[in-house]
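The primary structure of each chain is shown beneath.
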Amino acid sequence: DGGITQSPKYLFRKEGQNVTLSCEQNLNHDAMYWYRQDPGQGLRLIYYSQIVNDFQKGDIAEGYSVSREKKESFPLTVTSAQKNPTAFYLCASSSRTRALNTEAFFGQGTRLTVV
Amino acid sequence: QKEVEQNSGPLSVPEGAIASLNCTYSDRGSQSFFWYRQYSGKSPELIMSIYSNGDKEDGRFTAQLNKASQYVSLLIRDSQPSDSATYLCAVYLETSGSRLTFGEGTQLTVNP
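Residues numbered from 1 in each chain as written. Chains lettered and ligands numbered in written order. Predicted model: local features only at pLDDT ≥ 70, side-chain atom pairs only at ≥ 80, totals over all residues. Heavy atoms only, no water.

**Student:** It is not clear to me how the pairing of strand 4 (residues 31-37) of chain A should be interpreted in this structure. Could you clarify?
**Tutor:** Looking down a regular strand, the side chains alternate between one sheet face and the other. All names here are of chain A. Across the 7 residues that make up strand 4, a large majority, 7, are buried. Residue alternation in strand 4 divides its side chains into two sets, Ala 31, Tyr 33, Tyr 35 and Gln 37 and Met 32, Trp 34 and Arg 36, and both sets are buried. Where strand 4 and strand 9 (residues 87-94) come together, 7 bridges link them in antiparallel fashion. Each bridged residue has a counterpart across the sheet, and for Trp 34 the counterpart in strand 9 is Cys 91. (Buried < 20%, exposed > 50% of the residue type's maximum accessible area, 1.4 Å probe, protein only. Helix = DSSP H or I, 4+ residues; strand = E, 2+ residues; numbered from the N terminus. Pairing = 2+ DSSP bridges.)

**Student:** What is the right way to read the state of the cysteines from this model?
**Tutor:** As used here, a disulfide is simply a covalent bond connecting the sulfur atoms of two cysteines. All names here are of chain A. Counted under the stated rule, the structure contains 2 disulfides over all chains. Residue pairing for Cys 23: its cysteine sulfur links by disulfide to Cys 91, the two sulfurs lying 1.9 Å apart. Judged by the sign of its S-S torsion, about -75°, the cystine formed by Cys 23 and Cys 91 is left-handed. Highlighted residues: Cys 23 in strand 3 (residues 19-25) and Cys 91 in strand 9, separated in sequence by 68 residues. (Disulfide = S-S within 2.5 Å.)

**Student:** Just checking my understanding: could you explain the interface of chain B and chain A for this structure?
**Tutor:** Reports of interface size often rely on the accessible area that becomes lost once the parts have come together. Taken together, the 23 residues of chain B in the interface contact 24 residues of chain A. Interface of chain B and chain A: buried area, both sides summed, is about 1,800 Å²; carbon and sulfur atoms make up 49% of it. Scanning the region where chain B abuts chain A turns up 1 salt bridge. Residues that form the side of chain B that touches chain A fall into these classes: 9 nonpolar, 10 polar and 4 charged. (Contact = heavy atoms within 4.5 Å. Buried area = accessible area lost by both parts, 1.4 Å probe. Salt bridge = Lys/Arg side-chain N within 4 Å of Asp/Glu carboxyl O. Nonpolar A, V, L, I, M, F, W, Y, C, P; charged D, E, K, R; others polar.)

**Student:** Which parts of the structure should I look at to understand the environment of Ile 60 of chain A?
**Tutor:** All names here are of chain A. Structurally, Ile 60 is set in the loop between strand 6 (54-57) and strand 7 (64-66). Under the relative-accessibility criterion, Ile 60 is labelled buried at 19%. Sequence separation between Ile 60 and Glu 15 is 45 residues, and the spatial gap between their C-alpha atoms is 20 Å. Once residues within four sequence positions are removed from consideration, Ile 60 is found in contact with Arg 36, Arg 44, Leu 45 and Ile 46.

**Student:** Even after reading the chapter, I still don't get the sheet that holds strand 3 of chain A, so can you show me in this structure?
**Tutor:** Where strands meet in a sheet, backbone hydrogen bonds hold them as pairs that are either parallel or antiparallel. Residues and elements named next belong to chain A. Here 4 strands make up an open sheet; going across it, the order is 1-3-8-7 and the pairing antiparallel. In the strand order of this sheet, the two ends are held by strand 1 (4-7) and strand 7, each with one partner. Across the sheet, the mean angle from the axis of one strand to that of its neighbour is 20°, orientation sign disregarded. Relative to strand 8 (residues 76-78), strand 7 is paired through 3 bridges, and the arrangement is antiparallel. Pairing of Tyr 64 across the sheet is with Val 78, part of strand 8. (Axes fitted to C-alpha atoms, helices over the stretch in contact; angles between N-to-C directions.)

**Student:** Whenever I open this one, the pairing of strand 13 (residues 110-114) of chain A confuses me. Can you help?
**Tutor:** All names here are of chain A. One ladder, built from 4 bridges, connects strand 2 (residues 10-13) with strand 13; its direction is parallel. By the bridge assignment, Tyr 10 is partnered in strand 13 with Arg 111. Of the pairings in the sheet, the one linking strand 9 to strand 13 comprises 3 bridges and is antiparallel in character. Its bridge partner lying in strand 13, Tyr 89 is registered against Thr 110.

**Student:** Sorry if this is basic, but what is going on with the side chain of Ser 49 of chain B here?
**Tutor:** Relative to the elements of secondary structure, Ser 49 of chain B occurs in strand 5 (residues 45-50). When neighbours within four sequence positions are excluded, Ser 49 of chain B is seen to be in contact with Glu 103 of chain A together with Phe 33, Phe 34 and Lys 56 of chain B.

**Student:** I keep staring at the nonpolar core and nothing clicks. Help me out?
**Tutor:** Grouped burial of nonpolar side chains is what soluble globular proteins tend to show. Of all hydrophobic cores here, the largest spans 24 residues; its most connected members are Trp 35, Val 72, Leu 74, Ile 76 and Tyr 87 of chain B. At the level of elements, strand 3 (19-25), strand 4 (33-38), strand 5, strand 7 (61-66), strand 8 (71-76), strand 9 (85-93) and strand 11 (106-111) of chain B are the ones that each hand at least two residues to this core. No other element matches strand 9 of chain B, which puts 5 residues into this core. Residues Val 19, Trp 34, Tyr 47 and Ile 60 of chain A belong to the second largest nonpolar core, which totals 20 residues. (Core = buried A, V, L, I, M, F, W, Y, C linked by side-chain atoms within 4.5 Å.)

Below you can see the structure in the form of C-alpha cells.
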C-alpha cells in the first residue's frame, strides 16, 4: 500500500537527550514537511524539503534538524536545544503537477513526551 | 496579519444544519487550497482541494474560492454528529517557497 509511515507512534525523551523521528513515504512525492502540533493549536511548520539534498526552515526550526538524503525519507531530530519538545509531530508529503502543488498526505504522527 | 487565518471557533450547529467555515490568506500568489478534517488525537485527513475560483462540490461538502478577496470557505450540508472535528484550512504560500501553511483550525460540534 502507498502511504506515509511515521515511527515510533509514542516516544519518551529525557531532558538533554536528542531523539530522531522517522518519516518514510512510498508515494514518489518530491516534497516533504514536518509540523508540530500542541494541544488545541494548529499545525506549525518546522522544516520542509522540495527535493533531495535540500531543505528549508519553517516557522519554528530552532532546536530541530533534518536531512533529506533519499527521496523517500525525511527524518527529524529533536535536539536538546529544543526546550519544550513535548508535542504531536506530523510528517506530510506532496507532489507538484502542472505547476500546482497538490494535496499533502499525512502520516499517523509521533507523540513525543519529555520525562 | 497571520498568513492563513480561520474564523474563530468553536462552532456549534444542530444535526441537519449547514456548517460554514471560513479562511483568509495573505499571499496573492497562492494557487492551491485545501480543507482537512482532524479528529482528536489523529492526523489530518484531506476533505477538499480547490484550485480555481468558484465552487467545488463533493457529496455534502462544498468548497468556495475567491482569489480576488483571498478567501476560501467550506460548507457542510446536512451536518452529522460524525462531522464533529477540527477543520483546518491549508494554503501553499508561493512567495515563501511553496510552504504549505495551515490556519489554527475551527472546532465544529454537531449536536444530535
